[in-house]
Amino acid sequence: MSIKKIKDNVYAITDGSTRGNVAAYVLPSQIVFVDSGMHIPLIKKFREHIERETGKKASVLFITHAHGDHVFGNQIFEDCEIITSELTHEAMVDSQKNNWTPEALEEWKKNSEDPLALDGLKIVLANKTFADEYELVDRDVKVIVKRTGGHTAGSSYVYCPNYKVMFAGDNLFNHSFPWGGTPTSDPLKWVESIQEYLSLDVENYIPGHGSISGKETLEEFLAYLNKVISLMKEMIAEGKTEEEILEQADKIDYYPSKREQWKALSLKKWYEVITS
Ligand SMILES: [Zn+2]
């Protein structure tokens, strides 16, 4: 695990050791963490390291969205406010009931690269929610959390205008194909969210996966998404079949995905949203 100090008051782990990226914003009187990854012992170390180095205490954990690789370290922040959008909270409650069964969690544990990553895993839900936007103010420093949708309906970013940093979560994959096949993935909302990210005063974007990026990575992804959407719309207007459309969309060049099925499933989901 390598803890990167992005700038004076911002730290992140983006080397994949915690699966989903995680970050810490050090505010004047407290530390705010974003996402909790999927490696409980490393997240514990991360929290302890930042608290020791800054002499401040963790007070809040913001959750960008409901996927296991971003929330399975929540138990390390049980004494904090755990804040997320209502839709993400609902998605976690649903996953707890239907997907994160004891048997399924055993499978996750078995498939982890590090056998200790999920040892003692306990699902911890948010204890505070917001509908669309949440603001935390600590003296002269502000943290804005906003739900935009895109990767999932509840997907939110965590932006600190003072530090010019944004945690984009899984709306941004740096140099790999994003996972867009979730039931609530929406390519049109995704485009709007990336446009919004670009309009903000941000120097460092922390993606959900991959290394820290500047605006170019977002522009590249936005161009790709727009290409896919216009191709699909044109071909739909021409009366082409789903199969023909997906075949052409698959030919538009972009980074490879970490998992084989991701591209095909994402394109299929986006087609479904565009035709609905
Ligand atoms: Zn995700």
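First, a word on scope: everything that follows refers to the structure included in this document. (Residues numbered from 1 in each chain as written. Predicted model: local features only at pLDDT ≥ 70, side-chain atom pairs only at ≥ 80, totals over all residues. Heavy atoms only, no water.)

For the rest of this paragraph, the subject is unusual backbone geometry. A positive phi angle is found at Asp35, which is not glycine, with a value near 60 degrees. Structurally, Asp35 is set in the loop between β4 (31–34) and α1 (40–54). Despite not being glycine, Arg139 has its phi angle at roughly 50 degrees, a positive value. Note that Arg139 resides in the loop between β8 (133–138) and β9 (141–147). (Helix = DSSP H or I, 4+ residues; strand = E, 2+ residues; numbered from the N terminus.)

Looking at the element boundaries, Thr18 is found in the loop between β2 (10–13) and β3 (22–26). Note on Thr18: relative accessible area 0%, which makes it buried. Here the side chain of Thr18 touches Gly20 through a polar contact of 2.9 Å, landing on its backbone oxygen. (Buried < 20%, exposed > 50% of the residue type's maximum accessible area, 1.4 Å probe, protein only. Polar contact = N/O pair within 3.5 Å; in protein donor to acceptor, adjacent residues only side chain to side chain.)

This paragraph deals with the sheet that holds β9. Overall, mixed pairing links the 5 strands, which are arranged β8-β9-β10-β11-β12 in an open sheet. The open sheet has two free edges, formed respectively by β8 and β12 (204–209), since each of these has just one partner strand. Strand-to-strand twist in this sheet, taken as the mean axis angle between neighbours without regard to direction, amounts to 20 degrees. Sheet topology note: the β8/β9 ladder contains 6 bridges and is antiparallel. If you follow Glu133 over to β9, its bridge partner there is Lys146. (Pairing = 2+ DSSP bridges. Axes fitted to C-alpha atoms, helices over the stretch in contact; angles between N-to-C directions.)

Once that is clear, we can look at the coordination of the zinc ion. The protein atoms that coordinate the zinc ion are His65 (NE2), His67 (ND1), His151 (NE2) and Asp170 (OD), at distances spanning 2.1 to 2.2 Å. In the primary sequence, the donor residues of the zinc ion line up as H-x1-H-x83-H-x18-D. Taken together, the residues span a long stretch of sequence, with His151 in the loop between β9 and β10 (156–160) and Asp170 in strand β11 (residues 165–173) at a distance of 19 residues. In terms of burial, His151 and Asp170 fall into one category: buried. (Donors = N, O, S within 2.8 Å, 3.2 Å for Na, K, Ca; no water.)

Attention now moves to helix α3 (residues 86–98). Here α3 spans 18 Å end to end across 13 residues, near enough to the 18 Å set by a 1.5 Å rise per residue. In the core, the buried residues of α3 are packed alongside α2 (68–71) and β6 (81–85). (Expected span 1.5 Å × (residues − 1). Contact = heavy atoms within 4.5 Å.)

Turning our eyes to something else, we now look at the pattern of salt bridges. One pass over the full model with this rule turns up 17 salt bridges. Glu107 is the partner of Lys110 in a salt bridge, and the nearest nitrogen-oxygen pair spans 3.3 Å. On the criterion of helical spacing, the pair formed by Lys110 and Glu107 is a turn pair, its members being 3 residues apart in helix α4 (residues 102–111). Given a relative accessible area of 63%, Lys110 falls into the exposed group. A relative accessible area of 40% means that Glu107 is categorised as partly exposed. For Lys164, the salt bridge goes to Asp201, with nearest N and O atoms at 2.6 Å. A residue pair is termed long-range when its members are at least 10 positions apart, and Lys164 in the loop between β10 and β11 and Asp201 in the loop between α5 (187–199) and β12 qualify at 37 residues. (Salt bridge = Lys/Arg side-chain N within 4 Å of Asp/Glu carboxyl O.)

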